[in-house]
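Each chain, letter by letter, is given below.
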Amino acid sequence: MKKDTRLIHAGRRKSYTGSVVNPPVVRASTIVFDTFAQLKHATQNRGNRVPFYGRRGTDTHFALQDAICELEGGAGCALYPCGAAAISGALLAFLQSGDHLLMVDSAYEPTRSLCDKLLAGLGIDITYYDPQIGAAISSLIKPNTKVIFLESPGSLTFEMQDIPAITAVARQHNIVTILDNTWASPILCRPFELGVDVSVQSATKYIVGHSDVMLGTASANEKHWPQLREHSYLMGYCASADDAYTALRGLRTLSVRLKQHEQSALKVANWLAQRPEVETVLHPALATHPGNSIFQRDFSGSNGLFSFVLKQGSQQQVEAFVESMAHFKMGFSWGGFESLITATMKVQNLRSVTTWPYSGPLIRLHIGLEDVEDLLADLEAAFGRFNQTS
């Protein structure tokens, strides 16, 4: 089955849909049973898509979990109330006091905060590593190293990681690898084929696709799924049936949306590369990106999220650039139908062990589904304001 067809059929088993197209929204806290035998059966099979208690999930949740597994290739999928919860749930499922975690230095800022403000306080030893370290990560492994966390590309600076090289080292040392696969969505990268043990998604982004639901997923291979499932359940993670339904609906248009995001973003990225004010464009699909060969090997396409670095710019100039935009709105997150813009003056402040090679401000864009000519006109006006501000 081809990818686009799989998106339409994933999670739509007859047992979930009945006689309708979409799995209905089944909201429940308590599941009731007619006989003790039924209750016993549900209790004994509560990890196998058998309704047991609302926090374990209903058919609506099971349909989404099945769909994510089918698309990413995992053996099981847990749902969370947001992407950050999926990251914390996955990490805490495989770490305890005294363990050592290798965390990529280009990690999503909330992931870094989780490490520094929570995990370290729980007695977990954390070492940040260069995202481009590849197989040389073996030099950082300690006897108590339990998890290697990856994010490729980095969600702000877009370094590409050599995922197969890192996972190969991890397997030699029996270390769990967790990948934040949100940028790729479930269809642009097959993490389990690259040796990853657990794949995390902020479904808030492209899966939902409309900036109106908070949701996270973590899928795991057969070896690690039981531990991820049980630990996430014990920590109380769950998601609403309505949000699961909305994510399922978003999946059906994911491919066509991503194709448009990709097409428009590449036009904008190439336009920015010609601007005299721009030092570099950080888009892994561009041939000029240092990680382009890895991107071409491991990914089947790109999306609407990338950054660019200005050669110079004061705080006042950057504010003039990002304010008064007609179509780009200032706001966190990404993956919806709308275009977004954020600015970071000092990327080095978000690093621990690597040196950021650029001194100018970084602008991150999410290219939405607007007409690309309108977006280019918006950016043209922004550069005008930038250049007129002292």
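Just so it is clear, the structure is predicted and the values come from calculations on it, not from any experiment.

> Provide a residue-level description of the packing of helix H5 (residues 83-94) against helix H6 (residues 109-119), including the pertinent values.
Here H5 crosses H6 at 50°, and the two axes come no closer than 10 Å. Considering the angle they form, H5 stands oblique to H6. Of the two possible hands of crossing, H5 and H6 adopt the one that is right-handed. Packed against H5, whose contacting residues are Ile-87, Ser-88, Leu-91 and Leu-92, the element H6 presents Thr-111, Leu-114 and Leu-119 at the interface.

> Explain helix H10 (residues 254-273) to me, using residue names and the numbers behind them.
Count 3.6 residues to each turn of an α-helix, and residues three or four apart come out pointing the same way. Taking 1.5 Å per residue as the helical rise, H10 with its 20 residues ought to reach 28 Å, and the 28 Å between its terminal C-alpha atoms agrees with that figure. For H10, the complete set of buried residues consists of Leu-254, Ser-255, Arg-257, Leu-258, His-261, Ser-264, Ala-265, Val-268, Ala-269 and Leu-272. Contacts from the buried residues of H10 go to helix H1 (3-9), helix H9 (241-252), strand E8 (278-282), strand E9 (305-310), strand E12 (362-366) and helix H13 (372-388).

> Got a sec to walk through the sheet that holds strand E1 (residues 76-80)? Specific residues and values, please.
Spatial strand order, E1-E7-E6-E5-E4-E2-E3: 7 strands in an open sheet with mixed pairing. Looking along the sheet, the strands with just one partner apiece sit at the ends: E1 and strand E3 (125-129). Averaged over all pairs of adjacent strands, the angle between strand axes in this sheet comes to 20°, irrespective of strand direction. One ladder, built from 5 bridges, connects strand E4 (residues 145-151) with strand E5 (residues 176-180); its direction is parallel. The residue bridging Leu-150 from the neighbouring strand is Leu-179, located in E5. Running at roughly 125° to E1, helix H4 (residues 59-72) makes contact with E1, strand E6 (198-202) and strand E7 (216-220) of the sheet. Along the sheet face, H6 touches strand E2 (100-104), E3 and E4 and points at about 155° away from the line of E3.

> Describe the pairing of E1, listing the residues and the values that go with them.
Where burial is concerned, most of E1 is hidden: 5 out of the 5 residues are buried. Residues Gly-76, Ala-78 and Tyr-80 of E1 are buried on one face, and the alternating residues Cys-77 and Leu-79, pointing to the opposite face, are buried as well. As paired strands, E1 and E7 are joined by 5 bridges and run antiparallel to one another. Looking at the pairing, Gly-76 lines up with Ala-220 of E7.

Cut-off values and rules
- Residues numbered from 1 in each chain as written.
- Predicted model: local features only at pLDDT ≥ 70, side-chain atom pairs only at ≥ 80, totals over all residues.
- Heavy atoms only, no water.
- Axes fitted to C-alpha atoms, helices over the stretch in contact; angles between N-to-C directions.
- Helix = DSSP H or I, 4+ residues; strand = E, 2+ residues; numbered from the N terminus.
- Parallel < 35°, antiparallel > 145°, perpendicular 65-115°, else oblique.
- Left-handed = near helix turned anticlockwise from the far one by under 90°.
- Contact = heavy atoms within 4.5 Å.
- Expected span 1.5 Å × (residues − 1).
- Buried < 20%, exposed > 50% of the residue type's maximum accessible area, 1.4 Å probe, protein only.
- Pairing = 2+ DSSP bridges.

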